[in-house]
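# Residue-level structure breakdown
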Amino acid sequence: DRITNELDTVLHIKASPRGERSFSAQAGGRFLKRYLELNPDNCLDVLELESAVLPEFDSRAVACVEKLRQGGKLSGELAEHWSAIEAVITRFKAASRLVISCPMWNFSVPYRLKQYLDLIVQAGYTFAYRDGRQVGLVQGRPARLFLARGGEYGPGSGSEHRDFQQKYLEEILGFIGFTGIRTFLVEPTVRKGPEAASQALEIAVRDALLDLNDF
């Protein structure tokens, strides 16, 4: 389901293993369907994290980072492993717009999304240090986050302190240079039953579509 276009590609990262039963995936999908209807020349790159083959950020990756930081050259197994990581970063940076559909797991994000972010957030690729300060290298790109939660953790819920999902995603994307980050919450998807969940989905999609012109 990958379509590439060097000019204008939207990357949709789907973090839920629930497929189309996922509220976050439904919200992101409906937003993108309308966006692509209005922008038919744009391309869509869908990354299903559940089935994606991602390199591990393991001892080999750490060795690569350390060697590159010291100005060394990679060879053999290390070069092969780092090349796989670079391919993930290249695909990410090829997109001019980003949509992330993500459920809350244990107050944060699913481990596959964390793995993916650990791969792409690399010095010299997506951020750098210049004159003693950090600079994001993935600049001038908007992002839309569709975040689903079984309970309520948004403003006024009284459980905001437990939300390490929205804050983390907004912070890490801002760290690497994204601007125009907008978040749309689908909550609660469980606690108040299916009718409340459906209503929350409709509200999130409605609000995102009202914001469509800035994407």
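Below is a summary of the structure that appears in this document. The model shown is predicted, which means the values in this text are computed figures rather than measured ones.

This brings us to the overall build of the protein chain. For the protein chain, the count of helices and strands is six helices and seven strands. When the helices and strands of the protein chain are read in sequence order from the N terminus, they spell out β-α-β-α-α-β-α-β-β-β-α-β-α. Radius of gyration (C-alpha) of the protein chain: 18 Å, near the 17 Å computed for a compact globule of 215 residues. If you line up the protein chain on its principal axes, its C-alpha atoms span 55 × 40 × 35 Å. Every one of the 215 residues in the protein chain was classed for burial, and the buried ones make up 47%.

Turning next to the nonpolar core. Judged by nonpolar contacts, the single largest core of 37 residues is most densely connected at I13, F92, L98, L113, Y116 and L173. Elements with a contribution of two residues or more to this core: β1 (9-14), α2 (59-69), α3 (76-93), β3 (97-103), α4 (111-120), β6 (143-148) and α5 (166-175). With near-sequence residues (within four places) excluded, L173 lies in contact with L98, I100, A143, L145, F178 and I181. Core analysis: the second largest hydrophobic core is formed by 19 residues, V99, A197, L201 and A208 among them.

Here we come to the pairing of β1. On a regular strand, each side chain points to the face opposite its neighbour's, so the side chains alternate between the two faces of the sheet. Of all six residues in β1, six are buried; the element is thus mostly enclosed. Burial of β1 is two-sided: the residues T9, L11 and I13 facing one way and the residues V10, H12 and K14 facing the other way are all buried. Sheet topology note: the β1/strand β2 (residues 43-48) ladder contains six bridges and is parallel. Bridge assignment links T9 to a residue of β2, and that residue is C43. Between the parallel elements β1 and β2, the chain passes through helix α1 (residues 23-38) in a crossover that is right-handed. As paired strands, β1 and β3 are joined by five bridges and run parallel to one another. Pairing of V10 across the sheet is with R97, part of β3.

A separate point is the sheet that holds β3. Strand order in the open sheet formed by five strands is β2-β1-β3-β6-β7, and the pairing between neighbours is parallel. The open sheet has two free edges, formed respectively by β2 and β7 (181-186), since each of these has just one partner strand. Between one strand axis and the next, the sheet turns by 15° as a mean value, whatever way the strands run. The pairing of β6 with β7 spans six bridges and is classified as parallel. The partner of L147 across the bridge, within β7, is L185.

A few words on the side chain of D163. Tracing the sequence through the fold places D163 in the loop between β6 and α5. There is a polar contact of 2.7 Å between the side chain of D163 and the side chain of R149. Not counting the four nearest positions on each side in its chain, D163 is found in contact with M104, F107, R149 and Y153.

For the coordinates displayed, the defined rule picks out 17 salt bridges. Between R206 and D207 there is a salt bridge, with the nearest N and O atoms lying 2.9 Å from each other. With a relative accessible area of 48%, R206 lands in the partly exposed category. Judged by its relative accessible area of 30%, D207 falls in the partly exposed class. Overlapping salt bridges bring together R144, R182, D211 and D214 as one network.

A separate point is the environment of A15. On the secondary structure map, A15 appears in the loop between β1 and α1. Placed 98 residues apart in sequence, A15 and L113 show a C-alpha to C-alpha distance of 5.9 Å. Setting aside chain neighbours within four positions, we find A15 in contact with L49, S101, C102, P103, P110 and L113.

In this section: the packing of α3 against α4. Viewed as axis vectors pointing N to C, α3 and α4 meet at an angle of 95°, and their least axial separation amounts to 9 Å. By the angle between their directions, the pair α3 and α4 is classed as roughly perpendicular. Counting all contacts with α3, which are made through I85, V88, I89 and F92, the residues of α4 involved are Y116, L119 and I120. Of the residues belonging to the contact of α3 with α4, the class tally is seven nonpolar, no polar and no charged.

Conventions used here
Residues numbered from 1 in each chain as written. Predicted model: local features only at pLDDT ≥ 70, side-chain atom pairs only at ≥ 80, totals over all residues. Heavy atoms only, no water. Helix = DSSP H or I, 4+ residues; strand = E, 2+ residues; numbered from the N terminus. Rg over C-alpha atoms; globule rule 2.2 N^0.38 Å. Buried < 20%, exposed > 50% of the residue type's maximum accessible area, 1.4 Å probe, protein only. Core = buried A, V, L, I, M, F, W, Y, C linked by side-chain atoms within 4.5 Å. Contact = heavy atoms within 4.5 Å. Pairing = 2+ DSSP bridges. Right-handed = clockwise from strand over helix to strand, strands pointing away. Axes fitted to C-alpha atoms, helices over the stretch in contact; angles between N-to-C directions. Polar contact = N/O pair within 3.5 Å; in protein donor to acceptor, adjacent residues only side chain to side chain. Salt bridge = Lys/Arg side-chain N within 4 Å of Asp/Glu carboxyl O. Parallel < 35°, antiparallel > 145°, perpendicular 65-115°, else oblique. Nonpolar A, V, L, I, M, F, W, Y, C, P; charged D, E, K, R; others polar.

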